[in-house]
Amino acid sequence: MKITIAGAGYVGLVTGLCLSSKGLSVTILDVDSNKIEMLQNGKAPFHENGLDEFLETYRSNITFTTDPEEAYQHTDAVMLAVPTPEKKDGSANLEYLYDACGQIVKYSKKGCTIIVKSTVPVGTGDKLERFFFNKAPGLFHVASNPEFLAQGTAIQDTLSPARIVIGAQERTTAQLVWEIYKSFDCEIVVTNRRSAEMIKYAANDFLALKLSYINEIANLCEIVGADVETVSLGIGLDPRIGRQYLRPGTGYGGSCFPKDTKALHWLARYHDYELKTIKATIEVNESQKVRLFKKAKKYYENLSGLTVAVLGLAFKPGTDDLREAPSLDVINLLAEEGANVRVWDPVATDNFTKQHPGLATACQTIDEAIKDADICLIMTEWDEVKSYAPEDYARFMETPIVIDGRNCYPVTSFVGSGVLYDSIGRRAVGTELLEKKEAA
Ligand code: NAD
Ligand code: UGA
């Protein structure tokens, strides 16, 4: 079976490489000629754990192209992995999806099965089916096959998924998608198209809800003197709750939870239904994303002219993706207030300086970022931060105040270090530093 993947992004490229590693014949098409050129030269166009090595091993089995005719004319199946970003009103923008479908109709010689991996509102598959039917009746069938990979662990998530979901209206269409995945060792859920589309949103939004819940519990822990790490453990050990997605922090970011919560909320409203849990999830996250800025204001009424070090820019470790990263909200507020912001990240600094020129000073090392700083904010839990010695903050900073938005360290590691250490949902230590500072 010949498979074409439209979109060489996180989903398309990783899926293409993984299917190719299973011996399937794959062509990857993208409209971005720079991306395709990089891939043809064996270079990954973004940072993802293990991607460079995986690309080196399997790229020779894949055709990378920008030519839709080459990609679509003889293919049996097209997997759509194009963006479905958020529109201003919160709904999903489907223009990339329809652009790709228009090209498929134009160039496919014999018709094919369209497999939608992009995250799309419930009912999109039905609309696409009508779109194809109106142009070429009977030649195209549409399946939903939502993707559940997470960035940073994309390759292992794809090769060993928790489940595969196939949504189709006819047995033959479901069977074709099943053929692609038959060598994967996991449960395959086969259902109708609308249920498959709903599974994707319901999964992402449930995880986002769990995060907003633990973030609120963490904020309350700080007020009432409880420790959120133990609370997370204590509730997560109940298998009905589970331990994952209970790490409190600076709020969720990335290309999906923020847009998918808003899209489902929008869809419900469109059908005159108010999704109250998701509305609350979104609101809690908006305020959690700026929590570190608010905490910084606890220690300095005015941050103007102060040097603030920000450790971590990416929305999570293992990626250089800055989409909806909480670091950006915080850095913008710091800059608005007139602080001198220095940033460090092991992989995302280039993207940051390209996308936000002049907003902050990029540093090569943690030492350089925190040198003589008045406060340090930890935004991403990179291993380099977790292994950075607590005493070194005291050694390099002008005033060693560290606010850790990702609970990278045990609180006890800062006891007696000469650093004021404040994290999420746990007691702050070293607050005597402030008294000394005020006295001086
Ligand atoms: P991405 O932005 O990384 O990549 C999408 C690619 O599609 C881009 O390279 C773009 O140039 C290309 N493209 C746009 N129009 C095209 C067209 N007409 N033909 C061919 N290529 C085209 O996006 P992504 O992160 O891979 O996400 C793709 C979809 O998958 C979205 O709907 C997203 O919600 C969903 N998803 C993403 C993830 C993730 O972790 N990133 C996980 C699950 C689902
Ligand atoms: C998420 C889902 O995990 C994937 O299953 C899904 O396919 C994907 O969205 C998508 O649809 O695009 P991703 O956004 O890559 O994947 O990353 P996650 O690991 O889920 O993290 C999302 C955000 O939640 C990050 O900002 C992360 O820092 C935060 N998070 C996660 C926490 O704050 N605490 C946790 O315990 C877990």
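Remember, predicted model here, so these are calculated numbers, not experimental data.

Here is what the cut-offs are and how they apply
Residues numbered from 1 in each chain as written. Chains lettered and ligands numbered in written order. Predicted model: local features only at pLDDT ≥ 70, side-chain atom pairs only at ≥ 80, totals over all residues. Heavy atoms only, no water. Helix = DSSP H or I, 4+ residues; strand = E, 2+ residues; numbered from the N terminus. Expected span 1.5 Å × (residues − 1). Buried < 20%, exposed > 50% of the residue type's maximum accessible area, 1.4 Å probe, protein only. Contact = heavy atoms within 4.5 Å. Polar contact = N/O pair within 3.5 Å; in protein donor to acceptor, adjacent residues only side chain to side chain. Phe/Tyr/Trp six-rings, centres within 6.5 Å; stacked < 30°, edge-to-face > 60°. Near = heavy atom within 4 Å. Areas by Shrake-Rupley, 256 points an atom, 1.4 Å probe, with all protein chains shown as cover. Nonpolar A, V, L, I, M, F, W, Y, C, P; charged D, E, K, R; others polar. Arc of directions from axis to C-beta. Axes fitted to C-alpha atoms, helices over the stretch in contact; angles between N-to-C directions. Left-handed = near helix turned anticlockwise from the far one by under 90°. Domains from an automatic or database assignment. Buried area = accessible area lost by both parts, 1.4 Å probe. Salt bridge = Lys/Arg side-chain N within 4 Å of Asp/Glu carboxyl O.

Student: I would appreciate a short explanation of helix H11 (residues 257–270) in the present structure.
Tutor: Along an α-helix, residues three or four positions apart point the same way, because every turn accommodates 3.6 residues. The first and last C-alpha atoms of H11 sit 20 Å apart over 14 residues, in line with the 20 Å expected at 1.5 Å per residue. Extensive coverage of H11 is indicated by the burial of 10 of its 14 residues. Where H11 is concerned, the buried positions are Phe-257, Pro-258, Lys-259, Asp-260, Thr-261, Ala-263, Leu-264, His-265, Leu-267 and Ala-268. In this structure, the buried side of H11 is in contact with helix H9 (193–224) and helix H12 (276–289). Where H11 ends, the next residue or the one after it, Asp-272, has phi of about 60 degrees, a positive value.

Student: Mind showing me how you'd approach the side chain of Asp-260 here?
Tutor: The residue Asp-260 is located in helix H11 in this model. A distance of 2.8 Å separates the side chain of Asp-260 from the side chain of Lys-259, its partner in a polar contact. Those residues in contact with Asp-260 that lie beyond four places of it in its chain are Thr-119, Lys-200, Tyr-201, Asn-204 and Asp-205.

Student: Help me understand unusual backbone geometry in this model?
Tutor: Where the residue is not glycine, phi is negative for most of them; where a peptide bond is considered, it is trans in most cases. Although it is not a glycine, Asp-272 sits at a positive phi angle of roughly 60 degrees. Mapped onto the fold, Asp-272 is located in the loop between H11 and H12. You can call Asp-272 exposed: its relative accessible area is 76%. If you check the backbone angles, Glu-324 has positive phi at about 60 degrees while not being a glycine. With respect to the helices, strands and loops of the structure, Glu-324 is situated in the loop between strand S9 (307–311) and helix H14 (326–336).

Student: Please clarify how the environment of Ala-162 should be interpreted in this entry.
Tutor: Inspection of the secondary structure assignment puts Ala-162 in the loop between helix H7 (154–159) and strand S7 (163–167). In this structure the C-alpha to C-alpha distance between Ala-162 and Cys-186, which are 24 residues apart in sequence, comes to 6.4 Å.

Student: Any chance you could explain the packing of aromatic side chains here in plain terms?
Tutor: For any pair of aromatic rings, the description consists of the separation of the ring centres together with the inter-plane angle of the planes. For the structure on display, the rule yields 15 aromatic pairs. Arranged with centres 5.8 Å apart and planes meeting at 85 degrees, the rings of Tyr-252 and Phe-257 form a pair that is edge-to-face. In this pair, the class of Tyr-252 matches that of Phe-257, namely buried. Clustering of aromatic rings is evident, with ring pairs tying together Tyr-388, Tyr-393, Tyr-409, Phe-414 and Tyr-421.

Student: Mind showing me how you'd approach the site of ligand 2 here?
Tutor: Inspection of the region around ligand 2 gives 19 residues, with Phe-148, Leu-149, Lys-200, Tyr-245 and Cys-256 positioned closest. Backbone polar atom of Leu-149 to an oxygen atom of ligand 2: 2.7 Å apart, as the coordinates give it. Bound to the protein, ligand 2 loses 92% of the 700 Å² it would expose on its own. The set of elements that each furnish at least two residues to the shell around ligand 2 consists of H9 and H11. Counting residues per element, the shell around ligand 2 draws most heavily on H9, at three residues. Tallied by class, the residues present in the shell around ligand 2 amount to 10 nonpolar, three polar and six charged.

Student: Hey, could you run me through the site of ligand 1 in this one?
Tutor: In the vicinity of ligand 1 lie 26 residues, with Asp-30, Lys-35, Thr-84, Gln-151 and Lys-259 positioned nearest. A distance of 2.6 Å separates an oxygen atom of ligand 1 from a polar atom in the side chain of Asp-30. Within the side chain of Lys-35, an N or O atom sits 2.6 Å from an oxygen atom of ligand 1. Protein chains shield 92% of the accessible area of ligand 1, which is 830 Å² for the free molecule. For the shell around ligand 1, the elements supplying multiple residues, two or more each, are helix H1 (10–21) and helix H5 (95–107).

Student: I'm lost on helix H13 (residues 291–299) in this one. Help?
Tutor: Buried within H13 we find Leu-292, Phe-293, Lys-295, Ala-296 and Tyr-299. All buried residues of H13 lie within an arc of 160 degrees about the axis, which places them on one face of the element.

Student: Can you help me understand the packing of H11 against H12 in this one?
Tutor: A pair of packed helices is characterised by two quantities: the angle between their axes and the separation of those axes. At their nearest, the axes of H11 and H12 sit 9 Å apart, and the two run at 145 degrees to each other. Where H11 crosses over H12, the handedness of that crossing is left-handed. Here Thr-261, Lys-262, His-265 and Arg-269 of H11 lie close against H12, whose contacting residues are Ile-278, Lys-279, Thr-281 and Ile-282. Here the contact of H11 with H12 is composed, by residue class, of two nonpolar, three polar and three charged.

Student: Would you mind showing me how to read the domain arrangement of the chain here?
Tutor: Many structure descriptions define interface size as the accessible area lost when the parts assemble. What the domain assignment lists for the chain is domain 1 (2–191), domain 2 (200–287) and domain 3 (291–439). Spacing between the C-alpha centres of domain 1 and domain 2 amounts to 29 Å. Residue-level contacts link 16 residues of domain 1 with 11 residues of domain 2. For the pair domain 1 and domain 2, the two sides together bury roughly 1,100 Å², of which 61% comes from carbon and sulfur. In terms of surface lost to domain 2, no three residues of domain 1 exceed Glu-86, Gly-90 and Thr-119, which account for 38% of the buried area on that side. Where domain 1 packs against domain 2, one counts one salt bridge. With a closest N to O distance of 3.2 Å, Lys-262 and Glu-86 form a salt bridge. Taken together, the links from domain 1 to domain 2 amount to four residue pairs in polar contact (both at pLDDT 80 or more). Partitioned by chemical class, the residues of the side of domain 1 that touches domain 2 number seven nonpolar, five polar and four charged.

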